[in-house]
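Residues per chain are reported as follows:
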Amino acid sequence: FFRCVLVLSNQMSFNRFGPSPGAWLPPPPPLHFAPPHGVHGDLYHHPAPIDYAYCSKLPQYGFNPHVIFKPTSIQHIESFPQDVVGYPPGPARHASCARGNANGFNASRHAVDAIVERAQALQTQGQTEAAIKECKAAIALDPTHLLAREMLAYVYQERGDAAQAYELFVQLHTMNPQNALYLANLGIASQGLNRLDKAIFWYQKAIETSPTYPVPYSNLANCLKLVDRLTDAEWHYKRAIELDDNFADARSNYGNLLKESERTDEAILQYQKALEIEPTHANAWSNLGGSYKDSARVVEAISAYRKALALRPHFPVAMANLVHCLTTVCDWPARDGMLKPLMDMLREKLRDDDYSHAIQPHHALVYPLSNESQIFIAKTFADGVTRMADSMVLAAGGAPQMRYSKWAHGERLRIGYMSSDFGNHPLSQLMQNFFGMHNQSQFHIFGFALSPNDGTNARKLIEAGIETFYDVHDKTTLEICNLIQTHQIHIMVDLNGYTKGSRTEVFALRPAPIQVQYMGYAGTMGASFIDYLISDHVTSPQDHFELYTEKIAQMPHSYFVNDHKQTYPPHFDSKELATRESLGLPTDKFVFACFNQLYKIDASIFHVWASILNRTANSVLWLLQFPPAGEAILRKTAEEKYGIKPERLIFTPVAFEKDEYMRFIACADLVLDTLQYNGHTSSCDVLWAGVPIVTLPLQHMASRVCASLLTALECPELICQTAEQYEEMAVRLGSPAGQQELMQLREKVINNRMSTPLFDTEQWTRDVERLFMHMARRYANGLPPDHISFFDLDAAHCQP
């Protein structure tokens, strides 16, 4: 016999809070949700709270997979209070639970009980279909037998058949209206149907029916979190924990909210408390791993994820995050051994949110996966975003009516940029002056910041450069959509894509007629709600269009904008430059370097680098200690697999400001690019510092950005076509015989910075404006989005 309550877990935790045990917290604002369709108003006239949520939130928002809790026998009914199950303790309860009426223990009832017990045993053994058959047989013998109907409902619930479970729990609720567990499970089934509005109603009803039952409070909090009502959600988590201080799931779920609110230390404490209560809580281990990962405690994160998987081997979120952590520390054998099982898990249940959001597409860009797998991951993730957005709309009472405005003659084109990275982030460092370069006589620029003002100079420049700027970090998804609609913005640009802090659900609700992806995420989003991706003919050539669900808008030169010309001097004073001695670099050796994060290094490129080092004896490889845990693994791999002494790998900590970093890049002789995921911002930094980069473009977008930058700098000779050519060029330039060629390349890079398109931000702005005008013109003329090549445009294409 199953009594199923699903708990949504995420990462975070902290100590006891609030009033003393037993004291009520101040009540939250009332929640007003209409009864679900088909529920009679005379029976349900009050809104009702929430239970353990089934819904799975996007990983960056903190929700991981659910856990199922259930009593294990008919006798376990006695452990639930009367106000929870709706009938008094003792034999009468057992009889009432077994039958819709308590008319005694006749032989027929005993026979049906035996069938139900047999069904429970079958379900425990994993024989779900046989268990369903037995339950149906029991109901046929006695249609009033609650336990048989309950058992069938819970089996359907566990199998993922939310529609059948919902129908049965409605029947059970009709037979016993005061059973809070039925109400809670109606909420769970509703979430399985992607009906967050119904779930909220039933969870509220469960709390109304049983105010001291903690489970519905935690589940209601999960749902409120999903619709961005974080203050209300926090109140309900606290209330659940106040009612049951040992409620491990509520603590783990509360930790998720804290994590999303960037209260990471508090979150970790909550997860740790949950694990003190329940050491086998797989979700709490996974959530704790996520907080460790976000705190750059990657070794502890790996340990936590492994504990989660030991407890639950079929745990896609934990496995995906472990794969990512192993990637960041360059433990490639362990990572690669998990990729196939992980992909198999994902393909097993395409519409299960636990699966659709398991692998973050941004992480997957560095994995050695096929193009088909990369597109599959993006599309699956996009489908999950769409379902989440639909749930938010339903919970708010229905879809808003979107009104779209066409760009008219004489009207300024309204463009909105949305990002969580307006602040101390590489994206802002690259774009901080760009927004102010727009032609304000033709364009009205809007900014929507998904993060609060961090007081940095980049944030100040961005706010000053954008004509109408909104800080929307504390607004709900629907409030942001309404704001965009109020201004009737013609083109919305997502500067996040699938990266941390994104609010992709906003774009899924289509607040603007034209929606564009740019800069933050170097790959297809696999989403029907994104019309265009801004790229270029090198990064996304025409014969690669099949790798994208978006239409490609090709810039004339590199799509990758930068602000180096406005931010850094063309030449640093010699007194300002770092020295090799100050950085711990040898003064008498050739210094190969790579300034990318270690997660971009994979086994194939490290094999090439090792060969280069072995062929250029008087050389070292200079890397960033990003993260520190990767250093020991790379040194060990170099020595044990390639016979390279550990001291030939030199690591520099990353605790420095950007200006300081720009002053030491020139200490490198030659930079070696990573292949699966190039240096993007770091490549702009290196080229502005006048250091050549050797790169090798592959097929997907993230692997072709450096080639795009070099093409715009008019240095195509540094772009290789094969791994053998890459190795030979590095060896040649790193040998004594190649020093004159290297010097000529350095001079060319330095000179071309000021004369080629790469660092000309003003011209880049004019070029992207023409693309935007063409997009708007197509929409105004009733034409669908289509691929755009800048070179095919003329002035006539850029007028309404």
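Residues numbered from 1 in each chain as written. Predicted model: local features only at pLDDT ≥ 70, side-chain atom pairs only at ≥ 80, totals over all residues. Heavy atoms only, no water.

Chemist: Sorry, what's going on with empty space enclosed by the protein here?
Modeler: It is the rolling of a water-molecule-sized probe over the atoms that shows where space remains empty. A complete count under the given rule lists five cavities of 30 Å³ or more for this structure. Lining the largest cavity are 14 residues, with L365, Q374, G523, T524 and H700 sitting closest to its centre. In terms of residue count, the dominant contributor to the lining of the largest cavity is helix α19 (residues 371–395) (four residues). Looking at the lining of the largest cavity, its residues break down into nine nonpolar, five polar and no charged. Considered as a void within the structure, the second largest cavity measures approximately 90 Å³ in volume. Lining the second largest cavity we find M555, P556, H557, S558, F560, A712, P757, L758, D760, Q763, W764 and D767. At three residues, helix α33 (residues 761–780) tops the list of elements feeding residues into the lining of the second largest cavity. Here the lining of the second largest cavity is built from residues that sort into seven nonpolar, three polar and two charged. (1 Å grid on protein atoms, 1.4 Å probe; cavity = no way out; pocket = protein on both sides within 12 Å on 5 of 7 lines; lining within 4 Å. Points joined across faces, edges and corners; volume = space filled by probe spheres on them. Helix = DSSP H or I, 4+ residues; strand = E, 2+ residues; numbered from the N terminus. Nonpolar A, V, L, I, M, F, W, Y, C, P; charged D, E, K, R; others polar.)

Chemist: Looking at this model, I keep getting lost on the pattern of salt bridges. Mind explaining?
Modeler: Side chains carrying opposite charge are able to pair once their charged atoms draw close together. Tallying each qualifying case throughout the model produces 32 salt bridges. Notably, a salt bridge pairs R118 with E134, separated by 3.2 Å at the nearest N-O pair. One end of the pair, R118, is in helix α3 (residues 107–124); the other, E134, is in helix α4 (residues 128–141), with 16 residues separating them in the sequence. Residue classification places R118 among the partly exposed residues on the basis of a relative accessible area of 41%. Across the salt bridge formed by E129 and R159, the nearest N and O atoms sit 2.5 Å from each other. Taken together, the positions of E129 in helix α4 and R159 in helix α5 (residues 146–159) put the pair 30 residues apart, joining distant regions of the chain. Via salt bridges that share partners, E234, K238, R263 and E266 belong to a single interconnected network. (Salt bridge = Lys/Arg side-chain N within 4 Å of Asp/Glu carboxyl O. Buried < 20%, exposed > 50% of the residue type's maximum accessible area, 1.4 Å probe, protein only.)

Chemist: Sorry if this is basic, but what is going on with helix α30 (residues 705–712) here?
Modeler: Owing to its 3.6 residues per turn, the α-helix aligns residues three or four sequence positions apart on the same side. Summarising burial for α30: seven of the eight residues are buried, a large majority. Where α30 is concerned, the buried positions are V705, C706, A707, S708, L709, L710 and A712. Contact partners of the buried residues in α30: β8 (532–536), α29 (681–688) and β14 (693–694). With its phi angle positive at about 60°, E714 sits one or two positions after the end of α30. (Contact = heavy atoms within 4.5 Å.)

Chemist: Would you take a moment to explain unusual backbone geometry for this structure?
Modeler: For residues that are not glycine, phi is negative in most cases, and the peptide bond is trans in most cases. Between F626 and P627 the backbone carries a cis peptide bond, its omega angle lying at 10°. Phi at D228 is positive, roughly 70°, even though this residue is not glycine. Within the secondary structure, D228 is located in the loop between α9 (214–226) and α10 (230–243). In this model, Q488 sits at a positive phi of 45°, which is unusual for a non-glycine residue.

Chemist: When you look at the packing of helix α11 (residues 248–260) against helix α12 (residues 264–277) in this model, what are you seeing that I'm missing?
Modeler: Relative placement of two packed helices is described by the angle separating their axes and the distance separating the axes. Between α11 and α12, the shortest axis-to-axis distance is 8 Å and the interhelical angle comes to 165°. Between α11 and α12, the angle falls in the class roughly antiparallel. The interaxial crossing formed by α11 with α12 has left-handed handedness. Along its contact with α11, which presents A248, R251, S252, Y254, G255, N256, L258 and K259, the element α12 presents T264, E266, A267, Q270, Y271, K273, A274 and I277. Here the contact of α11 with α12 is built from residues that sort into seven nonpolar, five polar and four charged. (Axes fitted to C-alpha atoms, helices over the stretch in contact; angles between N-to-C directions. Parallel < 35°, antiparallel > 145°, perpendicular 65-115°, else oblique. Left-handed = near helix turned anticlockwise from the far one by under 90°.)

Chemist: What should I look at first to understand the environment of M431 in this one?
Modeler: Of note, M431 is situated in helix α20 (residues 426–431). Through-space distance from the C-alpha of M431 to that of N562 is 6.0 Å; in sequence the pair is 131 residues apart. In contact with M431, other than residues within four places in its own chain, are L495, Y518, M519 and V561.

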